[in-house]
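Topology and contacts: notes
These are the residues of each chain, in order.
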Amino acid sequence: MIEIGVVIRGESCSFDASMSVPLLNLAEHNRPYQDRMREAFDRFLASGQYIGGDQVTLFEKEVASYLGVSECVAVSSGTDALLLALMALDVGPGDEVICPSFTFFATAGVVHRLGAKPVFAEILEGSFNMDPEDIEHRITPRTKGIIPVHLFGQMANIGRIQAIADKHGLFVVEDAAQAIGARHNGKHAGSFGAFGAFSFYPTKNLSGLGDSGLVSTNDPKLAAKARILRVHGMDPVYYHSHVGGNFRFDPIQGALLRIKLPDLDTSIGLRQERAARYVSRLGSHPAVALSCEEAAGKKLVLPETSPGNAHTFNQFTIRVRGEGARDRLAAQLKAAGIGHGIYYPLGLHQQECFRCHTGGAVSLPITEAACREVLSIPIVPEIKLEQIDEVCDRIIGFLDGGNAA
Ligand SMILES: Cc1ncc(COP(=O)(O)O)c(C=O)c1O
C-alpha cells in the first residue's frame, strides 16, 4: 500500500492510494502544471534572484488586478499577512480587536502577539460568518478594529460590518485567507477593508507549494508602510523607522503561483459545480435541510450562501445534528475511505491560551454548536462528480440508519 502523507495543520492526515475519495490530493492538483512549474523552477535557479525581484512584483501586480485593488504586498504566510496588517495599523498593548471565535487560530493569535486583546464575537448559524449585530455591543473605548473572517470561501456581511466600523472609527482587516476569488455583489474579498489578508497555504483555492500570503489594500500609505514592515521596518537599507519582521515572500512561490492564478476562477467554478452536485443529491432527502431556518427535525444541514455572495467553496461544510451524530458519520466516512475534516472542533474563546482574555467565562452558544456539528467533505476540483456521488451515497446510507458499507 502506498502511503501518501498530507500534512494538514500539523496533523498528519494521511490517506493511502486506494482511498476512494481523499479530502484533497495536492500532487494530483498540481499535475496539470508540472511541466510549466519545472520550467519556472529552472528559470528561477538560473536567475540567481532568490530573494525579491520580478517574480514577487509581477505576482503582486497580477493579484491586485485580479482583486481590483490598487496594491498588494506579498508576504511569507497568511498569518504574517494578518500580523503585518495589524502592525501597519498600529495595533498594540491596550487595544481590543473584535474577531470571530469560529475561525483558524491565526485570526486571534496575531492580535494577542501584538499585546492586544482579541474580543470574540458570535457567528451566524447559516453562514458560519461573524454576526454583525453581535459586534456593536462588544465595542468599548479600547476597540481599535474588526477582523471579519470570510470563512470556508464566502464573505462575511462586509457591508454591515464596514458600516459599524465607520460609525465607531474602527479599521476593518478582512481575513480572506480562505476566500480568494469570493465576491459580494461582484466585488472581491480583500477589496473592502483597510487590508485584506490572504493565504496560499496548499489547501487554499490558490495553493502554493509551501507557505506564503499577501495583503491587499487601496491605501497607498498603508501599502508603503506594509512594504517597509515586511523587511524589519527598514528604509533605506540598515535604517529602521519601525520595528517590523522578516515577512518576505519567496520569489519561487511567486513564479509557481503566477502559473496557477489565471486558472483560479475556472477551478472555483469546478468547486461550485461539486457543491451543486451535493445539493442536488442530498437536498431532496427528507432528513436534509437546505438552510438552518428549515433545520427543525432534520439530521443534516447543507451550507448556505448569503445573499449577494459568490461562494468559492474552499470547504463544503455540512452540519450533522444530534448528540454524537457528527462523529458517527465521520467514523463511517473514514471506514469507507472518504476524507473529511472538522474545522473547527473548539472555538477560540474556549482555547486554553486565551483564558487570559476570556477568564474562561465567555459563552458563544452558536459557535459552540457549530464546533459540535460541522463536518467538511471533499470538494476539490480534482475529484470527479462520481466520487461526489459516492460520498452522497455514504451520507444517505447514514441518514437512512444503515452503515451503507
Ligand atoms: C481563516 C484563516 N486565517 C488565517 C490563516 C493563516 O494562514 P497561513 O496558514 O498561510 O499562515 C488561515 C490558514 O489556514 C485561515 O484559514
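Residues numbered from 1 in each chain as written. Predicted model: local features only at pLDDT ≥ 70, side-chain atom pairs only at ≥ 80, totals over all residues.

Concerning the overall build of the protein
Note the following rule: Strands here are runs of E lasting at least two residues and helices are runs of H or I lasting at least four, both read from the DSSP assignment and numbered beginning at the N terminus. Radius of gyration here is computed from C-alpha atoms only, and the compact-globule reference equals 2.2 Å multiplied by the residue count raised to the power 0.38. Neighbour counting defines burial: a residue surrounded by 20 or more other C-beta atoms within 10 Å of its own C-beta is buried, one with 12 or fewer is exposed, and intermediate counts give partly exposed, using backbone-placed C-beta atoms. Here, residue contact means that the backbone-derived C-beta atoms of the two residues sit within 7 Å.
Across its full length, the protein holds 14 helices and 16 strands. Here the C-alpha radius of gyration of the protein, 21 Å, is about what a compact globule of 405 residues would show, namely 22 Å. Dimensions of the protein along its principal axes, counting C-alpha atoms only, are 70 × 55 × 35 Å. The buried share of the protein, taken over its 405 residues, is 47%. Taking the contacts inside the protein whose residues are at least 6 apart along the sequence as the reference set, 66% of them involve residues at least 24 apart.

Describing the site of the ligand
Threshold: A residue counts as near a molecule or strand when its C-beta atom, positioned from the backbone, falls within 6 Å of it. Just so you know the grouping, Ala, Val, Leu, Ile, Met, Phe, Trp, Tyr, Cys and Pro go in nonpolar, Asp, Glu, Lys and Arg go in charged, and all remaining residues, Gly too, go in polar.
If you check the shell around the ligand, you find 15 residues, and the closest are S77, G78, T79, A177 and S199. Those elements giving two or more residues to the shell around the ligand turn out to be α4 (78–88) and α5 (106–113). Its residues placed into classes, the shell around the ligand shows five nonpolar, eight polar and two charged.

Structural notes on the pairing of strand β10 (residues 195–199)
The condition that has to hold: When DSSP locates at least two bridges between a pair of strands, those strands are taken to pair.
Of all five residues making up β10, five are buried, and the element is well covered by its neighbours. Burial along β10 is two-sided: the face carrying F195, A197 and S199 and the face carrying G196 and F198 are both buried. When strand β7 (residues 171–175) meets β10, the two strands line up parallel, connected through three bridges. Residue pairing in the sheet places D175 in a bridge with A197 of β10.

Structural notes on the packing of helix α3 (residues 54–67) against helix α9 (residues 251–260)
Geometrically, a packed helix pair is captured by the angle between its two axes and the distance between the axes. To keep things clear, this is the line we draw: Whenever a helix is involved, its axis is fitted only over the stretch in contact; in every case the axis is a line through C-alpha atoms, and angles between N-to-C directions fall within 0 to 180 degrees. Here the word oblique covers every angle except those under 35 degrees (roughly parallel), over 145 (roughly antiparallel) and from 65 to 115 (roughly perpendicular). Helix crossings get a hand from a simple test, with the near helix turned counterclockwise from the far one by less than a right angle marking a left-handed crossing and a clockwise turn marking a right-handed one.
Contact geometry of α3 with α9 gives a least axis separation of 8 Å together with a crossing angle of 45°. As summarised for this structure, α3 and α9 are arranged oblique, according to the angle between their axes. Considering only the axes of α3 and α9, their crossing is left-handed. Residue-level inspection shows Q55, V56, L58, F59 and E62 of α3 in contact with α9, the latter providing P251, G254, A255, L257 and R258. Among the residues forming the contact of α3 with α9, the class breakdown is six nonpolar, two polar and two charged.

What about the sheet that holds strand β6 (residues 143–146)?
Taken together, seven strands build an open sheet; the order of strands is β3-β11-β10-β7-β6-β4-β5 and the sheet is mixed. Only two strands of the sheet have a single neighbouring strand rather than two, namely β3 (71–75) and β5 (117–121). Across the sheet, the axes of successive neighbouring strands diverge by a mean angle of 25°, strand direction being ignored. As judged from the five bridges shared by β3 and strand β11 (residues 213–217), these two strands associate in the antiparallel manner. Within β11, the position partnered with C72 by the bridge is S216. The sheet contacts of helix α8 (residues 220–230) involve β3, β10 and β11, and relative to β3 the element is tilted by about 15°.

Quick notes on the pairing of strand β4 (residues 96–100)
A large share of β4 lies buried, amounting to five of its five residues. Burial along β4 is two-sided: E96, I98 and P100 and V97 and C99, pointing in opposite directions, are all buried. Judged from the five bridges that link them, β4 and β5 form a sheet pairing that is parallel. Directly across from E96, in β5, lies its bridge partner K117. Sheet topology places β4 next to β6; three bridges connect them, and they run parallel. Residue pairing across strands places I98 opposite I146, the latter belonging to β6.

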